[in-house]
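Fold and contact review
Single-letter residue listing:
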Amino acid sequence: RIGLQEQLGLLLRSTGEVTIAADQFQEMARTAAAAGRVDDEARAWLYAASVLSWFSRDRCLRAADRAEKLPVSDPILRAHVQGYAAYARLIFQGWDAGDADASGRALATMKQAGATEIFAFHLPRFVHVQSMRGEYATAVSTARDGLALAGRAADTYDYLMCQFWRADACLKAGEWGEMQQVL
């Protein structure tokens with residue numbers, strides 16, 4: 001059942017039905033919690049936080065916090081949880097060097113482990129961290145890399161995240177031509 005809930009939530013997310021996807025992921029978290037499947041519960045709360053970030057900052061932060069407080073056994077998933085919770089705090093609570101570092105460590109962990117799917121999830125979000133640091137040219141380059149990964153994975157959601165943060169980095173870098181192409 002958890003797998004079906006996850007697939008339905010991902011389908012809804014990829015089609016832009018973020019409100020319904022958030023409900024689906026929260027239901028997945030409740031199902032996983034009832035079954036004692038901590039890692040699945042953490043993943044569900046991360047999915048929920050991701051879609052909630054588009055329309056409810058408080059609920060996004062609560063979902064990310066719930067995931068972060070769980071005793072996740074998988075080290076890759078633990079890095080994923082810490083990286084996303086850090087990203088959520090950065091976008092909604094402002095700059096914090098510790099959160100920026102946690103986001104970078106999560107990305108490095110995913111890359112080193114060869115966890116391509118989760119790496120591709122974190123890459124567009126790290127573009128924002130690079131922009132917050134003033135690393136605009138690097139952020140644009142990272143966004144291009146993320147677009148290629150998301151395109152190969154046929155992940156519309158992460159593709160659009162890359163485009164969003166790429167446009168933001170181009171604006172801040174003064175790369176008007178590329179920004180117009182993105183928009």
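The rules behind these values
Once a new chain begins, its residue numbering starts again from 1 and follows that chain's sequence as written. With the structure being a predicted model, the display of local features is reserved for residues of pLDDT at least 70 and the display and counting of side-chain atom pairs for 80 or more, all residues being used for whole-chain, interface and lining totals. Only hydrogens and water are set aside; all other atoms, that is, all heavy atoms of the structure, feed into the side-chain values. A run of H or I in DSSP counts as a helix once it spans at least four residues, and a run of E counts as a strand once it spans at least two, with each numbered from the N terminus. Under the scheme applied here, a residue whose accessible area is under 20% of the maximum for its type counts as buried, over 50% as exposed, and between as partly exposed, the area being computed with a 1.4 Å probe on protein chains only. Two residues form a contact once any of their heavy atoms are found within 4.5 Å. Computed with a 1.4 Å probe, the accessible areas rest on the Shrake-Rupley method; for each residue, only the protein chains presented here act as cover. His is not counted here, nor are the chain ends, while Lys and Arg score as positive and Asp and Glu score as negative. For the purpose of locating charges, the reference atoms are NZ of Lys, CZ of Arg, CG of Asp and CD of Glu. Note on geometry: axes are C-alpha line fits, over the in-contact stretch for helices, and angles between N-to-C directions span 0 to 180 degrees. Two helices crossing with the near one rotated counterclockwise from the far one by less than a right angle form a left-handed crossing, whereas a clockwise rotation gives a right-handed crossing. Following the grouping adopted for this structure description, the nonpolar residues are Ala, Val, Leu, Ile, Met, Phe, Trp, Tyr, Cys and Pro, the charged ones are Asp, Glu, Lys and Arg, and the polar ones are all others, Gly among them. Between 65 and 115 degrees an angle is taken as roughly perpendicular, under 35 as roughly parallel, over 145 as roughly antiparallel, and anywhere else as oblique. Here a helix's expected span is defined as the number of its residues, less one, multiplied by 1.5 Å. One axis is fitted to the seven residues ending at the residue and one to the seven starting there. The bend at that residue is the angle between these axes. Residue types Ala, Val, Leu, Ile, Met, Phe, Trp, Tyr and Cys, when buried and joined through side-chain atoms within 4.5 Å, form a set referred to as a nonpolar core. Two cysteine sulfurs form a disulfide in these notes if their separation is within 2.5 Å. By convention in these notes, a salt bridge is any Lys or Arg side-chain nitrogen within 4 Å of a carboxyl oxygen on Asp or Glu.

Counting its regular elements, the protein contains 10 helices and zero strands. For the protein, the succession of helices and strands along the chain, N to C, is α-α-α-α-α-α-α-α-α-α. Relative to its full complement of 183 residues, the protein shows a buried share of 53%. For the protein, the proportion of contacts with a sequence separation of at least 24, taken over those separated by at least 6, is 55%. Roughly 8,700 Å² of accessible area belongs to the protein as shown, and the carbon and sulfur atoms make up 52% of that amount. Averaged over its 20 positive side-chain charges, the protein has a centre that lies 2 Å from the centre of its 22 negative ones.

Moving on to the packing of helix H5 (residues 75-93) against helix H7 (residues 116-132). Remark: H5 packs on H7, axes separated minimally by 11 Å, with the N-to-C direction vectors making an angle of 35°. H5 and H7 meet at a crossing whose hand is left-handed. From H5, Ile-76, His-80, Gly-83, Tyr-84, Tyr-87, Leu-90 and Ile-91 reach across to H7, where they touch Ile-118, Phe-121, His-122, Arg-125, His-128, Val-129 and Met-132. Looking at the contact of H5 with H7 residue by residue, the class counts come to nine nonpolar, four polar and one charged.

A few words now on the packing of helix H2 (residues 18-34) against helix H3 (residues 38-52). Across the interface, H2 lies against H3 with an axial gap of 8 Å and an inter-helix angle of 165°. Taken together, the axes of H2 and H3 lie roughly antiparallel to each other. In the packing of H2 onto H3, the handedness of the crossing is left-handed. Along its contact with H2, which presents Val-18, Ala-21, Ala-22, Phe-25, Gln-26, Met-28, Ala-29, Ala-32 and Ala-33, the element H3 presents Asp-40, Glu-41, Arg-43, Ala-44, Trp-45, Tyr-47, Ala-48, Val-51 and Leu-52. Of the residues contributing to the contact of H2 with H3, the split by class is 14 nonpolar, one polar and three charged.

For H7, which comprises 17 residues, the first-to-last C-alpha distance of 24 Å matches the rise-based estimate of 24 Å (1.5 Å per residue) to within 8%. The sharpest bend along H7 measures roughly 30° and falls at Pro-124. The element H7 is extensively covered by neighbouring structure, given that 13 of its 17 residues are classed as buried. Positive backbone phi, approximately 85°, marks Gly-134, located one or two places after H7.

The next point concerns the side chain of Arg-125. Relative to the elements of secondary structure, Arg-125 occurs in helix H7. Residues contacting Arg-125, with those up to four places away along its chain left out, are Ser-50, Tyr-84, Tyr-87, Tyr-157, Asp-158 and Met-161.

One finds Phe-25, Trp-45, Val-51, Cys-60, Val-81 and Tyr-84 to be the most contacted residues of the largest nonpolar core, which totals 46 residues. Among the elements that make up this core, the one with the highest residue count is H3 (nine residues). Contacts of Cys-60, omitting those with residues within four sequence positions, involve Ala-49, Leu-52, Ser-53, Tyr-84, Ala-88 and Phe-92. One finds Ala-79, Leu-90, Phe-126 and Leu-149 within the second-largest nonpolar core, a separate group that totals 12 residues.

Further remarks concern the state of the cysteines. Using the criterion set out here, one finds zero disulfides in the structure. For the unlinked cysteine Cys-60, the closest cysteine sulfur is that of Cys-162, found at 18 Å. Taking the relative accessible area as the measure of exposure, Cys-60 reaches 0% and is therefore buried. Looking at the unpaired Cys-162, the closest cysteine sulfur is the one in Cys-170, lying at 12 Å.

Before going further, it helps to spend a moment on the pattern of salt bridges. Any two side chains of opposite charge can pair, on the condition that their charged atoms come close. Applying the stated rule across the entire model yields 11 salt bridges. Across the pair Arg-43 and Asp-40 runs a salt bridge, and its minimum N-O distance is 2.4 Å. Remark: Asp-40 and Arg-43 occur in helix H3; sequence separation between them is three residues, near one turn of the helix. With its nearest N and O atoms 3.2 Å apart, the salt bridge here joins Asp-101 to Arg-133. One end of the pair, Asp-101, is in helix H6 (residues 97-113); the other, Arg-133, is in the loop between H7 and helix H8 (136-153), and 32 residues separate them in sequence.

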